[in-house]
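Read off the chains here:
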Amino acid sequence: MDPPRWSEEELKADRSEALGRFTELRREEGPRTFSRTFDELRPLVENALSVSRDLRQVEGDIFRSDPAIWQVFRYVCGPPISQEDLWTLVEGPKFRRVPAAFADATASAIRDVIDPVRFPWVAAGRDPSAEERSAAILATTVLWSAQMLGTSRRGEASLRQENATAAALAQAGFDLAPSRNAIEVLDELERGTYSRERKVAGAKCDVPARLRDGRLLALECKVSNGPKNGWKRVIREVGGKADGWRQSFGNQVLTAVVLAGVFDLSCLRSAQDNGVILFWEHNLSPLADFVGAAE
């Protein structure tokens, strides 16, 4: 059973459908979602300023009293500091809550990079005016809200795609494999089963499935918010993994991608010409049909 290959007109039609759905979703979730996120985060920013005397006393006791508050303080830095960068500066373990032993180091790392644009009074050694404080809280909450919303969108989209892909495989009669061990040999995954995120020959695969004919179908899930991003997601990320999987398993592995969002037509053509099978989140019937027939 050969995997599906789409004509130019079919690619255009599915690309247009995905673009329309992406646009509609962004309209629906835009200002209302941002406003709700802003309202949730603003009290946390206000609290961070209050417990630190408007950032003039960022001390270790703050993080010993509230080990989770470091996530707020990342956004008073200029520019906001990533988790990885802060862990590096602290020279400690990766943490979700600041260990008491690293509270002072966390405070010191943040003090050194407080944003002088939003918080000019810190370097000047004075209290902020009411207007300065209000503006700084507004700017910091907007900055944090935008980051949180972007992260949430990516996470929700990935989970939605993976769930839809799993549902299509289940529809075709595939069972969810109980093991999540790395797949270094094909028989690590039984025929007629699929798995959630799992390493395949050293590279993460979103949804690997073992076809009943013995081949491995490595399914990746990709959402793109623009043509340039689409090239990165499909050609570089999926295409790169496909090359590695072919080196490990030869023609016994098929690489496919479930797409949603915005993609260049030329990107889709290039992926398909290089052996990547294309499916669309808005229509996964072809996926179910293919895996059901590959016996």
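Residues numbered from 1 in each chain as written. Predicted model: local features only at pLDDT ≥ 70, side-chain atom pairs only at ≥ 80, totals over all residues. Heavy atoms only, no water.

J.: Even after reading the chapter, I still don't get the pattern of salt bridges, so can you show me in this structure?
T.: Where charged atoms from two side chains of opposite charge approach closely, those side chains can pair. All told, the structure shown has 25 salt bridges when counted by the stated rule. Between Arg 5 and Asp 273 there is a salt bridge whose closest N-O contact spans 2.7 Å. With Arg 5 in the segment before helix H1 (8–51) and Asp 273 in helix H9 (residues 265–273), this pair connects stretches of sequence that are 268 residues apart. There is no split in this pair, since Arg 5 and Asp 273 are both exposed. Note that Lys 12 and Glu 9 form a salt bridge whose closest N and O atoms lie 3.7 Å from each other. On the criterion of helical spacing, the pair formed by Lys 12 and Glu 9 is a turn pair, its members being three residues apart in helix H1. The network of salt bridges with common partners includes Arg 53, Arg 56 and Asp 127. (Salt bridge = Lys/Arg side-chain N within 4 Å of Asp/Glu carboxyl O. Helix = DSSP H or I, 4+ residues; strand = E, 2+ residues; numbered from the N terminus. Buried < 20%, exposed > 50% of the residue type's maximum accessible area, 1.4 Å probe, protein only.)

J.: Help me out: how do you make sense of the sheet that holds strand E1 (residues 175–176) in this one?
T.: In sheet architecture, strand pairing relies on hydrogen bonds along the backbone and comes in two forms, parallel and antiparallel. Strand order across the open sheet formed by six strands is E1-E2-E5-E6-E7-E8, with mixed pairing between neighbours. Two strands in the sheet have a free side with no partner beyond their single neighbour: E1 and strand E8 (277–280). Looking at chain direction, strand E7 (residues 253–262) and E8 are connected through four bridges and run parallel. Following the sheet pairing, Leu 259 is matched in E8 by Trp 280. Each of strand E6 (216–225), E7 and E8 touches H1; the most contacted strand, E7, lies at about 50 degrees to it. (Pairing = 2+ DSSP bridges. Contact = heavy atoms within 4.5 Å. Axes fitted to C-alpha atoms, helices over the stretch in contact; angles between N-to-C directions.)

J.: Mind showing me how you'd approach helix H5 (residues 103–111) here?
T.: Of the positions making up H5, those classed as buried are Ala 103, Thr 106, Ala 107, Ala 109 and Ile 110. In a view along the axis of H5, the buried residues occupy a sector of 165 degrees, so they form one face of it. (Arc of directions from axis to C-beta.)

J.: Hey, could you run me through the packing of aromatic side chains in this one?
T.: Two numbers describe a pair of aromatic rings. These are the distance of the centres and the angle of the planes. Applying the stated criterion across every chain, the model contains seven aromatic pairs. Taking the centre distance of 4.8 Å and the plane angle of 70 degrees together, the rings of Trp 70 and Phe 95 count as edge-to-face. Taken together, the positions of Trp 70 in helix H3 (residues 70–73) and Phe 95 in the loop between helix H4 (83–90) and H5 put the pair 25 residues apart, joining distant regions of the chain. This pair shows no difference in class: Trp 70 is buried, exactly as Phe 95 is. Here the aromatic rings of Trp 87 and Phe 95 are separated by 6.2 Å at their centres, their planes lie at 75 degrees, and the arrangement is edge-to-face. The buried category is assigned to Phe 95, whose relative accessible area is 4%. Clustering of aromatic rings is evident, with ring pairs tying together Trp 70, Trp 87 and Phe 95. (Phe/Tyr/Trp six-rings, centres within 6.5 Å; stacked < 30°, edge-to-face > 60°.)

So far we have only geometry, and geometry alone does not tell us how the molecule works.
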